[in-house]
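# Coordinate analysis (summary)
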Amino acid sequence: LLALDGERNLNDVDRLVHMFQIKFLAFSGFRPHIDSCVICGQVIGARARFSLRRGGLVCDNCQGRDTGLLPVSKGAVATLLYVEKEPWGRCLKLRMPSSIKAEMRRILNNFLLFHLEKNIRSAKYVF
């Protein structure tokens, strides 16, 4: 409830939903692998791709080994890592441009739907 305190947070519910998704996945132990390449462990360069099947980022060298990769910007990766590691109070101060929110929605929602292997009826309201 404290997250909804303040006009900025009330007007940016998408940002709160994405932060909740990231925190929930981290606490549940079902977080996407975004620290390095999920295949080889190499640090990700400028052209990151997200593998739904493998559950994380794939580097340039390993992209040929996977299909269905989603492009993801360095800004989205940095935002995911920041929200995952920082406490709620600091995350609430984070500004999230609409382009980053769109990437977060695409990555997080597809990640959840892929790994749950079924549609979530409330997704249209929550996501």
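Relevant structure appears above.
Structural notes, computed from the coordinates. (Residues numbered from 1 in each chain as written. Predicted model: local features only at pLDDT ≥ 70, side-chain atom pairs only at ≥ 80, totals over all residues. Heavy atoms only, no water.)

## Concerning the pattern of salt bridges
Put simply, the rule reads: For this document, the term salt bridge refers to a Lys or Arg side-chain nitrogen within 4 Å of an Asp or Glu carboxyl oxygen. Partly exposed residues are those whose accessible area sits between 20% and 50% of the maximum for their type, while under 20% is buried and over 50% is exposed, using a 1.4 Å probe and protein chains only.
Scanning the entire structure with this criterion turns up 5 salt bridges. For Asp 35, the salt bridge is made with Arg 31, and the minimal N-O distance between the two is 2.7 Å. Here Asp 35 falls in the partly exposed class, since its relative accessible area comes to 38%. The partner of Arg 90 in a salt bridge is Glu 86, and the shortest N-O contact between them spans 3.1 Å. Counted as one network, the salt bridges with shared partners bring together Arg 31, Asp 35, Glu 84 and Lys 85.

## Looking at the packing of helix α3 (residues 74-85) against helix α5 (residues 98-116)
The criterion, for reference: The axes are straight lines fitted to the C-alpha atoms, using for helices just the contacting stretch, and the angles between their N-to-C directions are given from 0 to 180°. Here a helix means four or more residues in a row that DSSP labels H or I, a strand means two or more in a row labelled E, and each is numbered from the N terminus. Angle categories: roughly parallel below 35 degrees, roughly antiparallel above 145, roughly perpendicular from 65 to 115, and oblique for all the rest. In this analysis, two residues are considered to be in contact whenever any of their non-hydrogen atoms come within 4.5 Å of each other. Under the scheme applied, nonpolar residues are Ala, Val, Leu, Ile, Met, Phe, Trp, Tyr, Cys and Pro; charged residues are Asp, Glu, Lys and Arg; polar residues are all the others, including Gly.
Here α3 crosses α5 at 70°, and the two axes come no closer than 9 Å. When the interaxial angle is binned, α3 and α5 end up roughly perpendicular. Along the contact surface, α3 presents Gly 75, Ala 76, Thr 79 and Leu 80, while α5 presents Ile 100, Glu 103, Met 104 and Leu 108. Here the contact of α3 with α5 is composed, by residue class, of 5 nonpolar, 2 polar and 1 charged.

## Some thoughts on helix α2 (residues 13-28)
Test applied: To estimate the expected span of a helix, count its residues, drop one, and scale the result by 1.5 Å.
Here α2 spans 22 Å end to end across 16 residues, near enough to the 22 Å set by a 1.5 Å rise per residue. With its phi angle positive at about 80°, Gly 29 sits one or two positions after the end of α2.

## Looking at the environment of Val 38
As for its placement among the helices and strands, Val 38 is situated in the loop between α2 and β1 (48-51). A sequence separation of 24 residues divides Val 38 from Cys 62, and the C-alpha atoms of the two residues are 9.2 Å apart.

## Observations regarding the packing of aromatic side chains
Rule in force here: Pairing of aromatic rings covers Phe, Tyr and Trp, the last counted by its six-membered ring, and requires centre-to-centre distances within 6.5 Å; plane angles under 30 degrees mean stacked, over 60 mean edge-to-face, and any other angle means tilted.
Enumeration according to the criterion identifies 3 aromatic pairs in this entry. Where Phe 20 meets Phe 24, the ring centres are 6.0 Å apart and the plane angle is 20°; that geometry is what we call stacked. Of this pair, Phe 20 and Phe 24 both sit in helix α2, 4 residues apart, which is roughly one turn of that helix. Aromatic side chains Phe 30 and Phe 111 sit 5.5 Å apart centroid to centroid with 40° between the ring planes, which places their arrangement in the tilted category. On the criterion of sequence distance, the pair formed by Phe 30 in the loop between α2 and β1 and Phe 111 in helix α5 is long-range, its members being 81 residues apart. Exposure remark for Phe 30: the relative accessible area of 37% places this residue in the partly exposed category. Grouped by ring-pair contacts, the aromatic residues Phe 30, Phe 50 and Phe 111 constitute a single cluster.

## A look at the nonpolar core
Counted only if it meets this: Put simply, a nonpolar core is a bunch of buried Ala, Val, Leu, Ile, Met, Phe, Trp, Tyr and Cys residues held in one set by side-chain atoms that sit within 4.5 Å of each other.
Residues Met 19, Phe 50, Leu 57, Val 72 and Met 104 are the most contacted members of the largest nonpolar core, which totals 30 residues. Of all the secondary structure elements, the ones that give two or more residues to this core are α2, β1, β2 (56-58), β3 (69-72), α3 and α5. If sequence neighbours within four positions are ignored, Val 72 has contacts with Ala 48, Arg 49, Phe 50, Leu 57, Val 77, Glu 103 and Ile 107.

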